[in-house]
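Below, each chain spelled out in residue letters.
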Amino acid sequence: MDFPRGRAGCKEELRPPSCPFCGGPQWWDGWRLVKRQGTLSLSGGLRWALGLYRRRARCFNLVCDCRSSTIYEAQGYPHRWFTTAVIVSAVAELLAIDGATLASVAKHWECHPRTLGRWMAWISCLVEVAVLFKACWLHDPSGMPPPVYKPRRKDLDSSRPEMGSWKARAVLVGSLVLLFAWLARLHRDKGIPLEEGPGLGAILRRQFDLYRLVSLLTKSSPGMQIDVLWTGG
Ligand SMILES: [Zn+2]
């Protein structure tokens with residue numbers, strides 16, 4: 001979603017959300033152009049959104065560390081060309097389709113194979129499966145065991161040894177994606193507001209909104225805050 005351009009800071013506009021650092025009031029502080037962003041279309045394919053503008057806000061509090069911050073739309077995430085919905089869709093395709101390779105899936109999603117490989121590595125390091133599994137199981141009122149991903153790609157059962165390590169990574173990444181989706185559903189069932197879209201993106205976005213922690217692709221991600229995994233009481 002992009003915002004129409006207008007006179008930032010004019011009186012008629014609604015106030016920006018409160019300051020992410022001190023919780024105080026803010027005023028509008030201009031715009032930031034996002035040249036292009038890969039988003040998920042309604043049909044589930046890739047759609048390039050061009051020339052998005054994101055609004056910026058500045059805190060009233062002169063002693064607050066927050067000088068000026070960007071306000072991200074749903075599924076917008078800092079330092080990303082592709083939304084988390086695209087990332088999850090591409091990774092799911094790689095994990096589920098027989099014969100899919102980094103190159104073939106990357107071509108479909110118009111990214112570099114190395115980027116797709118980074119998405120896999122990034123997801124695998126976000127949080128330990130056991131920690132996420134426990135959070136899901138503890139807080140699910142149904143008592144249902146949370147899901148574990150079982151790869152169905154027949155080519156992963158080949159005798160080639162490299163396929164064994166690939167399968168282990170597929171189980172890890174697939175399980176994390178499923179568990180994030182499970183946990184996001186528990187949050188939504190409890191009425192805890194999360195952005196729309198895949199659970200992984202929604203939980204990461206919640207962590208960003210609460211702590212301004214960003215999980216970058218090219219550096220190790222900050223540890224997941226336990227109270228982000230569950231805050232539903
Ligand atoms: Zn502030």
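Residues numbered from 1 in each chain as written. Predicted model: local features only at pLDDT ≥ 70, side-chain atom pairs only at ≥ 80, totals over all residues.

## Looking at helix H3 (residues 113–124)
Because each turn of an α-helix spans 3.6 residues, side chains separated by three or four positions in sequence point in the same direction. Just so we agree on the cut-off: Labels follow the DSSP assignment, with helices taken as runs of H or I lasting at least four residues and strands as runs of E lasting at least two, numbered in each case from the N terminus. Take the number of residues in a helix, subtract one, and multiply by 1.5 Å to get its expected span. Think of it as a crowd count around each C-beta: if 20 or more other C-beta atoms lie within 10 Å the residue is buried, if 12 or fewer it is exposed, and in between it is partly exposed, with C-beta placed from the backbone throughout. The arc in question is the one traced by the directions running from the helix axis out to the C-beta atoms.
Between its terminal C-alpha atoms H3 stretches 17 Å, which fits the 16 Å expected from 12 residues at 1.5 Å a residue. Burial in H3 covers these residues: Leu116, Trp119 and Ile123. Each buried residue of H3 sits inside an arc of 50° when the element is viewed along its axis, so together they form one side. Among the exposed residues of H3, those oriented more than 90 degrees off its buried face are Arg114 and Ala121.

## Considerations on the environment of Arg58
The condition that has to hold: A pair of residues counts as a contact when their C-beta atoms, built from backbone coordinates, are within 7 Å of each other.
As for its position among the elements, Arg58 is in strand E2 (residues 46–59). When the C-alpha positions of Arg58 and Gln37 are compared, they lie 25 Å apart, and in sequence the two are 21 residues distant. When residues no more than four places from it in sequence are discounted, the contact partners of Arg58 are Gln26, Trp27, Asp29, Arg67 and Ser68.

## With respect to the domain arrangement of the protein
Convention followed: What counts as a domain boundary in this text is fixed by an automatic or database domain assignment. Ten residues, namely Ala, Val, Leu, Ile, Met, Phe, Trp, Tyr, Cys and Pro, are considered nonpolar, four, namely Asp, Glu, Lys and Arg, are considered charged, and the remaining ones, Gly among them, are considered polar.
Parsing the protein into structural domains produces domain 1 (1–73) and domain 2 (84–229). If you average the C-alpha positions of domain 1 and of domain 2, the two centres end up 27 Å apart. In this assembly, 6 residues from domain 1 lie in contact with 7 residues from domain 2. Considering every element that reaches the side of domain 1 that touches domain 2, the biggest residue donor is strand E1 (residues 26–40), with 3 residues. Within the side of domain 1 that touches domain 2, the residues separate by chemical class into 3 nonpolar, 3 polar and no charged.

## Quick look at the pairing of E2
Here is the rule: Pairs of strands are assigned from DSSP output, requiring at least two bridges between the strands.
Summarising the sheet, E1 and E2 pair through 12 bridges and their orientation is antiparallel. Bridging across to E2, Arg36 finds its partner in Leu50. As defined by bridge partners, E2 adjoins strand E3 (residues 69–70) across 2 bridges and the pair is classed as antiparallel. When the sheet's bridge partners are listed, Ala57 is paired in E3 with Ser69.

## Here's the deal with the packing of helix H1 (residues 84–96) against helix H6 (residues 199–211)
Each packed pair of helices is defined by two parameters, the angle between the axes and the distance between the axes. Defined as follows: Note on geometry: axes are lines fitted to C-alpha atoms, helical ones only across the stretch in contact, with angles between N-to-C directions running from 0 to 180 degrees. In this scheme the crossing of two helices becomes right-handed for a clockwise turn of the near helix relative to the far one and left-handed for an anticlockwise turn of less than a right angle.
Contact pair H1 / H6: the axes reach a minimum separation of 8 Å and the direction vectors enclose 145°. Here H1 and H6 pass one another in a crossing that is right-handed. Residues Thr84, Ala85 and Val88 of H1 form the contact with H6, whose participating residues are Leu200, Gly201 and Leu204. Tallied by class, the residues present in the contact of H1 with H6 amount to 4 nonpolar, 2 polar and no charged.

## Focus on the environment of Leu217
As for its placement among the helices and strands, Leu217 is situated in the loop between H6 and helix H7 (226–229). Classification of Leu217 by C-beta neighbours within 10 Å gives partly exposed; the count is 14. The spacing of Leu217 and Arg80 is 137 residues in sequence and 8.8 Å in space, taken between C-alpha atoms. Sequence-distant contacts of Leu217, that is, excluding residues within four places in its chain, are made with Arg118 and Trp122.

## Focus: the nonpolar core
Here is the rule: Only buried residues count toward a nonpolar core: Ala, Val, Leu, Ile, Met, Phe, Trp, Tyr and Cys, linked into one set through C-beta atoms within 7 Å.
If you look at the biggest cluster of nonpolar residues, it comprises 37 residues, and the most contacted ones within it are Ala90, Val91, Leu132 and Leu183. Elements represented by at least two residues in this core include exactly H1, H3, helix H4 (129–139), helix H5 (161–189), H6 and H7. A total of 10 residues in this core trace back to one element, the largest contributor, which is H5. In this structure, Ala90 is in contact with Val105, Trp109, Leu116 and Trp119, ignoring residues within four places of it in sequence.

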